[in-house]
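One-letter residues, chain by chain:
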Protein chains: 4
Amino acid sequence: MLTDTMIKEIPQLKVHGRTTACRAPLTLFWTAGGFECNVTGSELWVELEVTFSMYEPWLSYTVNGSWVGRQMLQKGRYWLPLFRGMSPQSVKNVRIFKDLQAMSDDGSSYIHVHALRHDGQFFPVADKPVKIEFIGDSITSGEGLFGARKEQDWIPMFFSAVKSYAHQTAEKLDAEYRVFSQSGWGVHNAWDNNTRGALPGYYKEICSLMPGDENERLGGNQPHDFAGWQPDFVVVSLGTNDAASFDQPAWTDERTGERHKMHREPDGTYRQEDISKFQRAVKAFLALIRTCNPKARIVWCYGMLGLDLQLWLCEAVLAYARETGDDRVSYLQLPDTTAESVGSRAHPGELCHQKAAQVLAGYLSKFL
Amino acid sequence: MLTDTMIKEIPQLKVHGRTTACRAPLTLFWTAGGFECNVTGSELWVELEVTFSMYEPWLSYTVNGSWVGRQMLQKGRYWLPLFRGMSPQSVKNVRIFKDLQAMSDDGSSYIHVHALRHDGQFFPVADKPVKIEFIGDSITSGEGLFGARKEQDWIPMFFSAVKSYAHQTAEKLDAEYRVFSQSGWGVHNAWDNNTRGALPGYYKEICSLMPGDENERLGGNQPHDFAGWQPDFVVVSLGTNDAASFDQPAWTDERTGERHKMHREPDGTYRQEDISKFQRAVKAFLALIRTCNPKARIVWCYGMLGLDLQLWLCEAVLAYARETGDDRVSYLQLPDTTAESVGSRAHPGELCHQKAAQVLAGYLSKFL
Amino acid sequence: MLTDTMIKEIPQLKVHGRTTACRAPLTLFWTAGGFECNVTGSELWVELEVTFSMYEPWLSYTVNGSWVGRQMLQKGRYWLPLFRGMSPQSVKNVRIFKDLQAMSDDGSSYIHVHALRHDGQFFPVADKPVKIEFIGDSITSGEGLFGARKEQDWIPMFFSAVKSYAHQTAEKLDAEYRVFSQSGWGVHNAWDNNTRGALPGYYKEICSLMPGDENERLGGNQPHDFAGWQPDFVVVSLGTNDAASFDQPAWTDERTGERHKMHREPDGTYRQEDISKFQRAVKAFLALIRTCNPKARIVWCYGMLGLDLQLWLCEAVLAYARETGDDRVSYLQLPDTTAESVGSRAHPGELCHQKAAQVLAGYLSKFL
Amino acid sequence: MLTDTMIKEIPQLKVHGRTTACRAPLTLFWTAGGFECNVTGSELWVELEVTFSMYEPWLSYTVNGSWVGRQMLQKGRYWLPLFRGMSPQSVKNVRIFKDLQAMSDDGSSYIHVHALRHDGQFFPVADKPVKIEFIGDSITSGEGLFGARKEQDWIPMFFSAVKSYAHQTAEKLDAEYRVFSQSGWGVHNAWDNNTRGALPGYYKEICSLMPGDENERLGGNQPHDFAGWQPDFVVVSLGTNDAASFDQPAWTDERTGERHKMHREPDGTYRQEDISKFQRAVKAFLALIRTCNPKARIVWCYGMLGLDLQLWLCEAVLAYARETGDDRVSYLQLPDTTAESVGSRAHPGELCHQKAAQVLAGYLSKFL
């Protein structure tokens, strides 16, 4: 009764998130990467192949838009049950989410989707009227959305795609969305002054921040096909780690011996020269995003973990707009984390992400 | 590095929910049945043995009180990972919940817990200051707390222990709790007039509503050891299905040929004779609960799916109190399901359960 | 430009609340008594005549349904401004509310409305589709809805018509409403065992609980014209003071020397004989309400200040229904006052009344 | 029993809001201007003298911090009752608020306070630990906080001191506050391009935006004594009307014949030359505020009615900080008005002001 069908043989299936053209298997790289299908039948299973060295991926899924399951994934290739015993005739919408970001610290952490086991038929998944790309750091990776407030371990269990402001904003606007994010990273450097932890440098490839041969083999380092999915909005939430780096020791590039550090002046203010580096990075990234997404409105968001660099960020956004004549770029402050809305790892919790989604969805809807 | 330890060899582990004395394996019968442990180490797995014919059990678990995972369980005996990569020194509190009620329609649907795999040490789990037993129907079984509003399939996926008013009330009061509930059942008969679907008849055994040899073998039909866990409160939420049965066709006992039905009069009112049966059942159950729980305050709750039998219920509760002189029994109305708070299967949703928990916890706290 | 028009010469004006047929002046007796008019012009004043000995009336008013003013009224006859400078052409809806209950302790406390000063024209006020009568005690009189939590003075300033659950329920259902209530009173006796403080004895007259010659002169002791305003719902919120009287000393009738007291048994339970008196009063009042309002659904509400008499109340309501065959009577529990929702004088505050209005409006809407 | 005491003879009385040194009478100029007293006795009246030509002032007052009354004031000198019948021994805190902004369109609109009538004694009002000055436009004047959503008349009835974000922020921080605001005005020009409608030009006097001889006589044009009340925070909420002026026709100065207008370029963007004027005004105002308030943290807020000028505002704030080395100035975005939170006159309503107060109080508290 149950049939196994390879993913590549299900053209009705809709893939979410940046990935390669390969469907045998389909590789999930990013937070909220996954697929969606409309299927009849009483039962559905998915065949996964999961690899990792240090950081295991987690998976969430929805049935008819309602979140029903979330689990840590074990290594290996195996079948996972998604639903059982449902009315065979009705069409069920099922969507799979990678609940973990692309883990740049673990070059073998991937989910691959091989096949579906089912007793029904597949139907097309309609495109949504709005498309949004979210670019960000740990906040956009949903870090801190699971786990008790006291938790401090940096582990996959505490990341979430589905609870994050990105997913919730998309739900409110009935939008498709993709996430391009990395915890600890920034627009000019990472929280620890590591200049390789700057997201713009990886924007043009599918997922080039994943290190190693496996990513090369999987095609993560290949150019991303921007033409294939042009967003209406690009939401950038970067700057929090750039701000943090002013208070961290210098980072030394082990390969070259070069050191890098963002400095404060003796009176505590940011050193103008370093601020200028940050601002140049903001402007350059905006230009890059514009090149790749000619028609999108770009919204730079900031504030869920403090406002430290806000004025310099705004100055850079405005300078970019003025210098280029690009008038489809703007800035939006998102609600700060409070004692009431904090999650685990001192990150914004579910309440903070909910508030952020309300603010952001309200703002974006003005342009629709 | 990882060690497998049998459950029976972990005296520090705390078992939740009615079950037998057997720990090799520990069998989970009821909604929210499970265990809780305090453990050091970086990693934890649980070895389950899952059986079912029609209705697969689901499992949820919390780490340090925060809900992190929920999944459909497959048949067989296997290891399930619970956490990885945590700080080895710190003590983690982990708690497992059976997310599905005892399934009286599937005599082979059980979760058995054999062992834990870990690299730490176990520490005792302190008793909580308050104990509550919840007795009820589908509402108390958390039916409708998962799934889209349009869902109508009666499947395990849509049941929840953790989102229900029972769990939330216990959390608010820092209480231990147990659930004794069955979807569709009542105090005198089930929604379809089936007189075997009356919960009081099963109250004195561990879990005698599960049919068949397997339950006999597992000990579910053995007398329950009330002395071993005396609750401060017994909360009874029954009556909704008794009310429904007045509008359902008669039920015929296939074994005896006898028919049973609760009737309305031609003018639509409840037939007094049948109402009296219901009221006698209420009074008898109160007396039974009192016998088994001499010191508990008993609160009969009603109203999350309408108030149809409220006045007769109150009359019966008062009659019981007056006839027996028992002054530790009372009645509490819980918030009705609204268009805003409804879940799947036309049952109370998460918002309705949250409101109910607020009302109930506020009420119970007056007696603490 | 401004014209003074006597109330009796404005047939388009709609009077709210039980009152006499007199319109020269219109006398406001009860909480939320007042009038409503639709008027053009830029300016509006009202001519009041206010009398009192001890307890001064307060006045609230709305413009286009939005509450804009509230003030203590001074003695005398004078003009009060209601709006100025509005667009002359538009029709403004203005409604006046007596913010104070009929004060049975002050036989001279009244508001009389003589005239309106205006520069526009009056237009009819449409009837609302639903009518509700609220009968109750201090809760229904809105006691405690103004003032700081620490306030304990029993003064008019702390009463409110507009914030109360009665007004809010009516707003949610787009209903007309009237209030018949008295702080401290009950269905069988007042909080202090005074048997004259039982509301049913005054139900058939317009406002016969106001003592003295002035009330006689004003016509408050005349029979109420029930036929003129037949409610769809009668909501009775009594019992809280009856419950309190069990813990108060006896009351002695100064006129007859008779004493009255509701007793508890030595074990703390209510004395059955006294409970029976309470229950007979409940049944008799239901019968009286039914006689006066043949087509109304009667809902007895209870619980905003505890549930002490709930079971006996329900038993009496059911007994009434059974004995009379009246199937349009029911019981509804309202949300209890909590530390978060309490107002002044240890009474339910605005939040508690809001929750009560949600529950009650939701319940009543099922019958519409 | 009741005594009349002139305000000037009550040294314990605390005056709120910018005003002159005159206490015979005390003149209230600005929104939330008023006084506060701690007084025993059973009764309290205030003697007001009210003048106006077009726009009548409104008055609100609190008793023990709870808002109990609000009314339109009539012309003339008269006594207004504030409380009656309270426990004589207890100390009551009473505070009077001018609910209307200084009305620059009506040079005779004032409230003067002459005396208090009472039967108790006055006690000192303690200073609050934090002081805040709010500078703004209609939003800070609380326009739109009363009245139905459909209202469009620009009249005093729809302004509120007590519901505004300024009052609520002060309450949350237990702060004293003053309001310096004018509806329709901006930092560089008013909504209609009128350059006289720029608040900075009036900042150094007590209330010099009120026109005419009466203001001169009252001392409103006298220099303000900044030393007498140094705020911890100056919150500036200006820019909304500056933004609006880009889409309004030119304004012609009737006295000089000069015209002024802020322009958009043919492509819809703001003309750089005009934006520069706005930015210079922002910087100059910051410098002026700093001069007058050497130790205050200055927070420029924006966003309750859109974000049009945000980037230019931020650029100017940053430029000011950089050029002067002033590091106690920052920018905060406040919640935008939504369909759910809008009030009358298309202005932010109570819900929007509540959210703004949460965000602002949370932000300011970080500096305490």
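Residue numbers restart at each chain and count upward from 1, following the sequence in its written direction. Lettering for chains starts from A, numbering for ligands starts from 1, and both go in the order in which the items are written. For a predicted model such as this one, the threshold for reporting local features is a pLDDT of at least 70, and the threshold for listing and counting side-chain atom pairs is 80 or more; totals across whole chains, interfaces and linings nevertheless cover every residue. Calculation of side-chain values draws on the structure's entire complement of heavy atoms; hydrogens and water are dropped beforehand.

This part takes up the packing of helix H4 (residues 272-292) of chain D against helix H5 (residues 310-324) of chain D. Residue and element names in this part refer to chain D. Interhelical geometry of H4 versus H5 gives an angle of 45 degrees and a closest axis separation of 9 Å. When the axes of H4 and H5 are compared, the pair comes out oblique. Note that H4 runs across H5; the crossing there is right-handed. Residues Ile275, Phe278, Gln279, Val282, Lys283, Leu286, Ala287 and Arg290 of H4 lie in contact with H5, whose contacting residues are Trp312, Leu313, Glu315, Ala316, Val317, Ala319, Tyr320 and Glu323. Ten residues, namely Ala, Val, Leu, Ile, Met, Phe, Trp, Tyr, Cys and Pro, are considered nonpolar, four, namely Asp, Glu, Lys and Arg, are considered charged, and the remaining ones, Gly among them, are considered polar. Among the residues making up the contact of H4 with H5, the classes are represented as 11 nonpolar, one polar and four charged. Axis definition: a line fit to C-alpha positions, over the contact stretch in the case of helices; interaxial angles, taken between N-to-C directions, run 0 to 180 degrees. Secondary structure elements are defined from DSSP: runs of H or I of at least 4 residues count as helices, runs of E of at least 2 residues count as strands, and each element is numbered from the N terminus. Any angle that is under 35 degrees is reported as roughly parallel, and any over 145 degrees as roughly antiparallel; angles of 65 to 115 degrees are reported as roughly perpendicular and all others as oblique. Helix crossings fall into two classes, left-handed where the near helix is turned counterclockwise from the far one by less than a right angle and right-handed where it is turned clockwise. Working rule for contacts: check all heavy atoms of both residues, and any pair within 4.5 Å makes them a contact.

On the chain A side, the residues contacting the 18 residues of chain D number 18 residues. Summing both partners gives a buried area of about 1,700 Å² for chain D against chain A, and 54% of it is carried by carbon and sulfur. By convention in these notes, a salt bridge is any Lys or Arg side-chain nitrogen within 4 Å of a carboxyl oxygen on Asp or Glu. Counting every contact that joins chain D to chain A gives four salt bridges. One salt bridge connects Glu315(A) with Arg322(D), and the closest N-O pair in it is separated by 2.9 Å. Put simply, the parts of the chain that give the side of chain D that touches chain A at least two residues each are H5 and strand E18 (329-333) of chain D. Taken together, the residues of the side of chain D that touches chain A break down into nine nonpolar, four polar and five charged. Once two parts are brought into contact, the accessible area they lose, counted with a 1.4 Å probe and summed over both, makes up the buried area.

Here we come to the packing of aromatic side chains. Two aromatic rings, drawn from Phe, Tyr or Trp (for Trp, its six-membered ring), form a pair once their centres lie within 6.5 Å of each other, and the interplanar angle then sorts them: stacked below 30 degrees, edge-to-face above 60, tilted otherwise. For the coordinates displayed, the defined rule picks out 56 aromatic pairs over all chains. Note on Trp154(D) and Phe159(D): the rings are 5.7 Å apart at their centroids and 90 degrees apart in plane angle, and the pair reads as edge-to-face. Each ring, one from Phe180(D) and one from Tyr203(D), has its centre 5.4 Å from the other, and the planes form 85 degrees; the classification is edge-to-face. Of this pair, Phe180(D) sits in strand E13 (residues 175-181) while Tyr203(D) is found in the loop between E13 and helix H2 (213-218), placing the two residues 23 residues apart along the sequence. Across the pair, Tyr203(D) and Phe180(D) agree in class, each one buried. Put simply, the rings of Trp30(A), Phe180(A), Tyr203(A), Phe226(A) and Phe285(A) pair up and form one aromatic cluster. Only Lys NZ and Arg CZ are tested; either one counts as a charge over a ring when it is within 6 Å of the ring centre and within 35 degrees of the ring normal. Across from the ring centre of Phe367(C), 3.9 Å away, lies the NZ or CZ of Arg297(C), which sits over that ring. Each residue gets one of three labels from its accessible area relative to the maximum for its type: buried under 20%, exposed over 50%, partly exposed in between, using a 1.4 Å probe on protein chains only.

Moving on: the pattern of salt bridges. Residues and elements named next belong to chain A. Scanning all chains against the criterion turns up 80 salt bridges over all chains. A salt bridge links Arg117 to Asp4, with the shortest nitrogen-to-oxygen separation between them at 2.7 Å. On the criterion of sequence distance, the pair formed by Arg117 in strand E10 (residues 110-118) and Asp4 in strand E1 (residues 3-6) is long-range, its members being 113 residues apart. Taking relative accessible area as the criterion, Asp4 reaches 42% and is therefore assigned partly exposed.

Attention now moves to the relation of the copies chain C and chain D. We superpose the copies by least squares over the C-alpha atoms of residues that have a pLDDT of at least 70 in both of them. Between the two copies, chain C and chain D, the superposition gives an RMSD of 0.0 Å; the rotation angle is 180 degrees and the shift along the axis is 0.0 Å. In symmetry terms, the pair is related by a two-fold rotation axis. Minimal C-alpha separation from the rotation axis in chain C is found for Arg70(C), amounting to 2.6 Å. A shared binding surface is used by both copies, with 100% of the interface residues of chain C retained as interface residues in chain D.

Residue and element names in this part refer to chain A. Looking at chain A, the domain boundaries give domain 1 (3-123) and domain 2 (130-365). Averaged C-alpha coordinates put domain 1 and domain 2 at centres separated by 26 Å. Taken over both partners, the interface formed by domain 1 and domain 2 buries close to 3,100 Å², and the fraction arising from carbon and sulfur atoms is 63%. When residues of domain 1 are sorted by the area they lose upon contact with domain 2, Arg18, Trp30 and Gln101 head the list and together hold 26% of the total. Taken together, the connections running from domain 1 to domain 2 amount to two salt bridges. These domain limits were set by an automatic method or by a database of domain assignments.

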